[in-house]
Amino acid sequence: MNANTLLTRVREQIPLLVTSVALVSMFTVGSVRYDGFFSGQVLLNLLIDNAFLLVVAIGMTFVVLTGGIDLSVGAVVALSTMVSAWLVERHGWPPLVVIPLVLLMGTAGGWVMGWVIHVFEIQPFIVTLAGMFLARGLCYTIGIESISITDPSYTAMAQTRIPLGDLFVSPSVVIALLVLAAGFVVLHYTRLGRNVYALGGSEQSALLMGLPVRRTKITVYAVSGFCSALGGVLLTFYMLSGYGLHAVGLELDAIAAVVIGGTLLTGGSGYLLGTVLGVLVLGLIQTVISFQGTLSSWWTRIVIGGLLFFFIVLQRLNPVRRR
């Protein structure tokens, strides 16, 4: 490997390195300032509290890597919670039927949006915005009030703790990590993953190379829909309720996690590991503010907005990643 190649690879990793430094710095500052902050369980709690966000952000990473965007994810999460609660509590359906049905619903919705985007050559922003309004509206056709879930299977999932020595995680964390592992394998060791990166690099070049652009584009939105529905299932376990106002703004959190994790907004460059770090950074911001106790929760949005602005500027200044 020559010096130029090595320098290029180092420059490609700059956003990921900055995110890692930010995560370590915030955890260090929190540990110095607050009693009980320096704990392995605090880090695991970041995963427990944000497992559903991690799953949604993984799906969003697939979409952003192709140069697209999916604004419907938060609404699909809310719709998944509402459909689950409605079918389980109001109609007595078993969870083993409801959960696959919800996952199929989310995947089909993502597939349709991907098909519309490709066939009619409409900007993903517009199509997924329509999907967001549709999914959120469907929530309110089911009910305008929160539906509590008392089903034993859901409560068992909510209360189960998987021990790790003196620490513990929830089943939702295990599911999120399995999704992460599957996504990593797909992106880095399969033809679909190579096609995703190629499509994000240049759709015209991908077409000239004979790559299946149509199939790839539709598949990534189907993956995002599946991850959104699964995120909704995990949020249902976490909240034990379905509500049309669940996950308001979650699409922005997912995009922020992906960008803070170093994935290029125009596509073609990024890593799932970066998305994980981005989710942890967002969770750590919330944790620090809760430990502080005197700050409004709105400071979470202010800090995230500042970080997002910084990483977007960093992407533009990085000569390797500019187009």
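Structure first, text after, so check above.
Residues numbered from 1 in each chain as written. Predicted model: local features only at pLDDT ≥ 70, side-chain atom pairs only at ≥ 80, totals over all residues. Heavy atoms only, no water.

Observations regarding a nonpolar patch on the surface
On the surface, Val119, Phe120, Ile122, Phe125 and Ile126 cluster together into a nonpolar patch covering about 450 Å² of accessible area. Within the secondary structure, Phe120 sits in the loop between helix 5 (95-119) and helix 6 (124-142). (Patch = residues over 30% accessible without salt bridge, like charges linked within 9 Å, V, L, I, M, F, W, Y side chains within 5 Å. Areas by Shrake-Rupley, 256 points an atom, 1.4 Å probe, with all protein chains shown as cover. Salt bridge = Lys/Arg side-chain N within 4 Å of Asp/Glu carboxyl O. Helix = DSSP H or I, 4+ residues; strand = E, 2+ residues; numbered from the N terminus.)

A look at the packing of helix 5 against helix 6
Look at helix 5 against helix 6: their axes get within 10 Å of each other, and the N-to-C directions meet at 150 degrees. Relative to helix 6, helix 5 is oriented roughly antiparallel. Read as a crossing pair, helix 5 and helix 6 show a hand that is right-handed. Taking contact as the criterion, the partners of Met113, Val116 and Ile117 in helix 5 are, on helix 6, Pro124, Val127, Thr128 and Gly131. A per-class count over the contact of helix 5 with helix 6 returns five nonpolar, two polar and no charged. (Axes fitted to C-alpha atoms, helices over the stretch in contact; angles between N-to-C directions. Parallel < 35°, antiparallel > 145°, perpendicular 65-115°, else oblique. Left-handed = near helix turned anticlockwise from the far one by under 90°. Contact = heavy atoms within 4.5 Å. Nonpolar A, V, L, I, M, F, W, Y, C, P; charged D, E, K, R; others polar.)

Things to note about the pattern of salt bridges
On inspection of all chains with the given rule, the structure shows two salt bridges. With a closest N to O distance of 3.2 Å, Lys217 and Glu203 form a salt bridge. Placement of Lys217 in helix 11 (residues 213-239) and of Glu203 in helix 10 (residues 203-208) is noted, with a sequence separation of 14 residues between them. By relative accessible area, which is 33% here, Glu203 ends up partly exposed. Among the salt bridges present, the one from Arg301 reaches Asp253, with a minimum N-O distance of 2.4 Å. Of this pair, Arg301 sits in helix 14 (residues 298-317) while Asp253 sits in helix 12 (residues 250-260); the two residues are 48 residues apart in sequence, bridging distant segments of the chain. (Buried < 20%, exposed > 50% of the residue type's maximum accessible area, 1.4 Å probe, protein only.)

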